[in-house]
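Summary of structural features
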Amino acid sequence: MALLADTAVLLGKELRTEFRSRELLTTTVVFILVIVVLFSFTFDPSVGESRRFGPGLLWLSFLFAASLMLQPCFLREQNNDTLSALRLSVQDPFSIFLAKLGANTLFLLLTEVLMLPIFAILYNVHILAVFPQLVLVLFLGSLGVAIPGTAFSAISAQARMRELMLPLLLLPLLTPVLIASTEATSGLLAENPALRIDWLGFLAGFDIVFLTALWLFGEYLLEE
Amino acid sequence: MTAPAFAPTGIRFENIEKRYGGLYALRRVSLEVAPGDCVAFAGRNGSGKTTLLRIAAKLVRPSGGKVNFLNSGGEETDLWAQTGFVAHATMVYDELTAEENLLMFAKLQGIAEPGARAAALLEEVGLSERRGSLVRTFSRGMRQRVAIARALLNDPSALLLDEPATGLDPEGITWLANALRRMRDAGRTILMSLHGESEISALATRAIRLDAGSVVADTRARSDMHAILTFAGA
């Protein structure tokens, strides 16, 4: 129970500081918007073409936005050595990860849901009928990006050349999540929309495996 | 300061060693700090002062040796939870108010009635009127007061202070010295790393000089303390 209570307190802190500064949300929303708008000019977004390219493009923009969002996640804790204060205060260091993971997933999901209507209009795809299923795929995909992303953010924050380190570690690892998320989104945007349980299961499995690894080894990532 | 509700804590360092690759930050440091002692660590940058304090705070894992916390009878005990740590970085969030910072850390530490404790400490450090202001709007001295208040949340019996006077103006140093004097007089054990002599170093009952990760001088004599604290490069 202490783990959940600490996580709730820390998640509250993450949300409060972000909504006060709006540093991450503004950057990522603008970044995704630029990519989505830019690509809508490069090819004729007919329904057929959008179904072929749209999901990949969408997840690629989410991935780049996520790497922008994840970078400062632990870096911000270094400004005033607040990570040390957290480590001295929490009963279980996993609560620090859980709170950051929750905040990252929430911010990412919020950005994605904000971008969906714009994507639907610019790329001429219908998402209203499959919106709940789409949100489920976005949630599992975002969680899949955020779990290793949060872990690697903790590692790279203590490294030299940290700006290079995070994408270098993260992008190869996220390839399976991207493929599964793109395939699952593709299924939902197809002429006959279908929720691809196989890819959804893959995403859930990926999330569980990496969350367990973070729970087991996360404490060591926070050590100096 | 609030009435002490803590058991006096001593700290024993046994053969503490810390290596970063091939570089030794600490070389088999052994020393014992008695409950209620106020120890000033001096030494050049990189001599191992910060590493030793961070090991005592359990923020850094030693490569060898161990740290034990002792009760007033000199027996090993699990009193680590009753330590407070202040670094030269403030260890509080600029984007939160002073009150929000203290409230959050109080909740994380499982302190009963966190709101009342935060309010009492803000009063104690003279920041009651600015409790709703974001920490980023504070001066360095005010931030350090919030840092001290955070370290006192659990009413610690031992305080670890890593260059607590960094960046403080003379007024801030006087405030900090008075606050530390009250804590020392209340029976708290204090370990602090310092650069040179000041009102704060005058509080020390013992001075230890570190050089290249080893203890090279250790005294309780006031006259020798001056030499240790003002050693060239200290």
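Scroll up to find the structure this text is about.
First things first, this report covers the structure right here in the doc.

Rules behind the numbers
Residues numbered from 1 in each chain as written. Chains lettered and ligands numbered in written order. Predicted model: local features only at pLDDT ≥ 70, side-chain atom pairs only at ≥ 80, totals over all residues. Helix = DSSP H or I, 4+ residues; strand = E, 2+ residues; numbered from the N terminus. Rg over C-alpha atoms; globule rule 2.2 N^0.38 Å. Buried ≥ 20, exposed ≤ 12 C-beta atoms within 10 Å, placed from the backbone. Pairing = 2+ DSSP bridges. Contact = placed C-beta atoms within 7 Å. Axes fitted to C-alpha atoms, helices over the stretch in contact; angles between N-to-C directions. Nonpolar A, V, L, I, M, F, W, Y, C, P; charged D, E, K, R; others polar. Parallel < 35°, antiparallel > 145°, perpendicular 65-115°, else oblique.

Looking only at helices and strands, chain A features 8 helices and 0 strands. In chain A, the succession of α and β elements from N to C terminus is α-α-α-α-α-α-α-α. For 224 residues, the compact-globule formula gives about 17 Å, and the C-alpha radius of gyration of chain A, at 18 Å, lands near that figure. By principal-axis analysis of the C-alpha atoms, chain A measures approximately 55 × 30 × 30 Å. Going through the 224 residues of chain A one by one, you find that 44% of them count as buried.

Attention shifts here to the sheet that holds strand β4 (residues 64-70) of chain B. Residues and elements named next belong to chain B. Spatial ordering of the open sheet is given by β2-β1-β4-β5, a layout of 4 strands whose pairing is antiparallel. The outermost strands of the open sheet, each flanked by one partner alone, are β2 (23-33) and β5 (76-77). Packing of helix α1 (residues 49-56) onto the sheet brings it into contact with β1 (10-20), β2 and β4, and relative to β1 it is tilted by some 120 degrees.

So, about the interface of chain B and chain A. Quoted interface sizes are often the accessible area lost when the parts come together. Listed as interface residues are 20 residues of chain B and, on the opposing side, 18 residues of chain A. Residues of the side of chain B that touches chain A, tallied by class, amount to 13 nonpolar, 2 polar and 5 charged.

Working note: regular strand, side chains alternate between the two faces of the sheet. All names here are of chain B. As judged from the 6 bridges shared by β1 and β4, these two strands associate in the antiparallel manner. In the strand pairing of β4, Glu14 is matched with Lys66. Pairing between β1 and β2: 7 bridges, direction antiparallel. If you follow Lys18 over to β2, its bridge partner there is Leu26.

Here we take up the packing of helix α6 (residues 131-157) of chain A against helix α7 (residues 162-189) of chain A. Residues and elements named next belong to chain A. The contact between α6 and α7 brings their axes to 9 Å, and the two run at 170 degrees. Classified by the angle their axes make, α6 and α7 are roughly antiparallel. Listed contacts from α7 to Gln133, Leu134, Val137, Gly141, Gly144, Val145, Pro148, Gly149, Phe152, Ser153, Ser156 and Ala157 of α6 are Arg162, Met165, Leu166, Leu169, Leu170, Leu173, Leu174, Val177, Ser181, Ala184, Thr185 and Leu188. Of the residues that constitute the contact of α6 with α7, the class distribution is 15 nonpolar, 8 polar and 1 charged.

On to the sheet that holds strand β8 (residues 189-193) of chain B. Residues and elements named next belong to chain B. Strand order in the open sheet formed by 6 strands is β6-β7-β8-β3-β9-β10, and the pairing between neighbours is mixed. At either margin of the open sheet sits one strand with a lone partner, and together these are β6 (83-86) and β10 (214-219). Strand-to-strand twist across the sheet, computed as the mean angle between neighbouring axes with direction ignored, equals 15 degrees. Summarising the sheet, strand β3 (residues 38-42) and β8 pair through 4 bridges and their orientation is parallel. Across the sheet, residue Cys38 finds its bridge partner in β8, namely Ile190. On the sheet, helix α4 (residues 140-151) packs against β6 and β7 (158-162) and is oriented at approximately 160 degrees with respect to β6.

Considering the arrangement of structural elements, one finds A:Glu219 in helix α8 (residues 197-221). In this structure the C-alpha to C-alpha distance between A:Glu219 and A:Cys73, which are 146 residues apart in sequence, comes to 16 Å.

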